[in-house]
Amino acid sequence: MRVEVWSDVVCPWCYIGKRRLERALEGFEHAGEVEVEWRSFQLDPSHPKGVRQPVYEALAQKMGGSTAQIREMTGRVKALAAEEGLEYDFENSISVNTFDAHRLTHLAKAHGLGGDTHERLMRAQLIEGETLDDAETLVRLGAEVGVPADEARRVLAGDDYTRDVEEDIREARMLGANGVPFFVLDRAYGVSGAQPVEMFLSALRTAYEHEDIPAR
């Protein structure tokens, strides 16, 4: 069974959803038959390339709230993340355009490292305060999980995998995704958002049972 996950590396709900899916798989009787594939999506494709903003400032500008309101809102998300073992640091997080980060994940996928790279980039953004539109930062983070540094540097200097990222985003829209995380099980069942573990487990079991129904 294939589980496709559309996600953005700067998305706090995506990291929470990833952890909840992983916990659901731990309780799923057929987890060994499940392949998880990470797909690209941009929460804010309009964010100008090269522009770096503190997350609190970017959210206040985008949502029209005060910094105090944004801190309160993100505080609730931070508390939920902590329940999944994720210690978010919004204070030092930088909002950037993520297109190049997604191109790196497609290169990583070609090396069988797509999931590892997606995990590394989310941790770097949401917990470690790294700047994910900086080419050398991306090269370093990719190398930590095995992506060849010279190849990553060459890819990021050009436009390799641009079409792959664009196709992922187009496909998400076609499937009805307006936000992420968005989970699709065997192209038959969709789960939107960082749902509770029990819902993921139920969806996995339903999709698996559906596979066993013979075609007529």
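Keep in mind the model is a prediction, meaning the values are calculated, not measured. Every chain's residues receive numbers from 1 upward, in the order its sequence appears when written. Totals for whole chains, interfaces and linings use all residues, but because this is a predicted model, local features are given only for residues with pLDDT of at least 70 and pairs of side-chain atoms are given and counted only at 80 or more. Based on all heavy atoms of the structure, the side-chain values leave hydrogens and waters out of the count.

Caption draft 1: Structural detail: the packing of helix H1 (residues 12-26) against helix H9 (residues 197-211). Helix axes are fitted to C-alpha atoms over the stretch in contact, other axes to C-alpha atoms as well, and angles between N-to-C directions run from 0 to 180 degrees. Helix and strand assignments come from DSSP, with helices taken as H or I runs of at least 4 residues and strands as E runs of at least 2, each series counted from the N terminus. Two elements in contact, H1 and H9, have axes separated by 8 Å at closest approach and are oriented at 55°. Judged on the interaxial angle alone, H9 and H1 are oblique. Our pair here, H1 against H9, has a crossing hand that is right-handed. Contact with H1, carried on its side by Gly-17, Arg-20, Leu-21, Arg-23, Ala-24 and Leu-25, involves Val-197, Phe-200, Leu-201 and Leu-204 of H9 and no other residues of that element. Its residues assigned to classes, the contact of H1 with H9 comprises 7 nonpolar, 1 polar and 2 charged. For classification purposes, an angle smaller than 35 degrees is called roughly parallel, one larger than 145 roughly antiparallel, one from 65 to 115 roughly perpendicular, and anything else oblique. Crossings are classed by handedness, with left-handed meaning an anticlockwise turn of the near helix from the far one by less than a right angle and right-handed meaning a clockwise turn. Residue contacts are defined here by distance: any two heavy atoms, one from each residue, within 4.5 Å place the two residues in contact. Residue type decides the class: Asp, Glu, Lys and Arg count as charged, Ala, Val, Leu, Ile, Met, Phe, Trp, Tyr, Cys and Pro as nonpolar, and the leftover types, Gly among them, as polar.

Caption draft 2: Region of interest: the pairing of strand S2 (residues 35-40). Strands are labelled as partners when DSSP assigns at least two bridges between them. In this sheet, S2 lies alongside strand S1 (residues 2-7) in parallel orientation, the contact comprising 6 bridges. Residue pairing across strands places Glu-4 opposite Glu-37, the latter belonging to S2.

Caption draft 3: Summary view of the packing of aromatic side chains. Working definition: rings of Phe, Tyr and Trp (its six-membered ring) pair if their centres are within 6.5 Å, and the pair is stacked with planes under 30 degrees apart, edge-to-face with planes over 60 apart, and tilted otherwise. All told, the structure shown has 5 aromatic pairs when counted by the stated rule. A ring pair is formed by Trp-6 and Phe-182, whose centres lie 6.3 Å apart and whose planes are at 50°; its orientation type is tilted. Taken as a pair, Trp-6 in strand S1 and Phe-182 in strand S5 (residues 182-185) lie far apart in primary sequence, 176 residues in all. Only protein chains enter the accessibility calculation, which uses a 1.4 Å probe; a residue is then buried when its area is under 20% of its type maximum, exposed when over 50%, and partly exposed in between. Its relative accessible area of 9% is what places Phe-182 among the buried residues. Relative to Phe-200, the ring of Phe-183 lies with its centre 4.6 Å away and its plane at 70°, an arrangement referred to as edge-to-face. Of this pair, Phe-183 sits in strand S5 while Phe-200 sits in helix H9, and the two are 17 residues apart along the sequence. For Phe-183, a relative accessible area of 1% translates into the label buried. Grouping aromatic residues by their ring pairs yields a cluster made of Tyr-15, Tyr-88 and Phe-90.

Caption draft 4: Quick peek at empty space enclosed by the protein. For each structure, a 1 Å grid was placed over the protein atoms alone; sets of points admitting a 1.4 Å probe that cannot get out are labelled cavities, open sets with protein on both sides within 12 Å along at least five of seven lines are labelled pockets, and lining residues have an atom within 4 Å of a point. Grid points are joined across faces, edges and corners, and a volume is the space filled by probe spheres set on the points. If you walk through the whole model with that rule in mind, you get 2 cavities of 30 Å³ or more. Within this model, the largest cavity holds a volume of roughly 50 Å³. Lining the largest cavity we find Trp-38, Arg-39, Ser-40, His-102, Thr-105, His-106, Lys-109, Gly-114 and His-118. Within the residue set of the lining of the largest cavity, elements represented by two or more residues are S2, helix H4 (99-110) and helix H5 (114-126). Top contributing element to the lining of the largest cavity by residue count: H4, with 4 residues. Along the lines of polarity and charge, the residues of the lining of the largest cavity split into 1 nonpolar, 6 polar and 2 charged. Quantified by volume, the second largest cavity comes out at close to 40 Å³.

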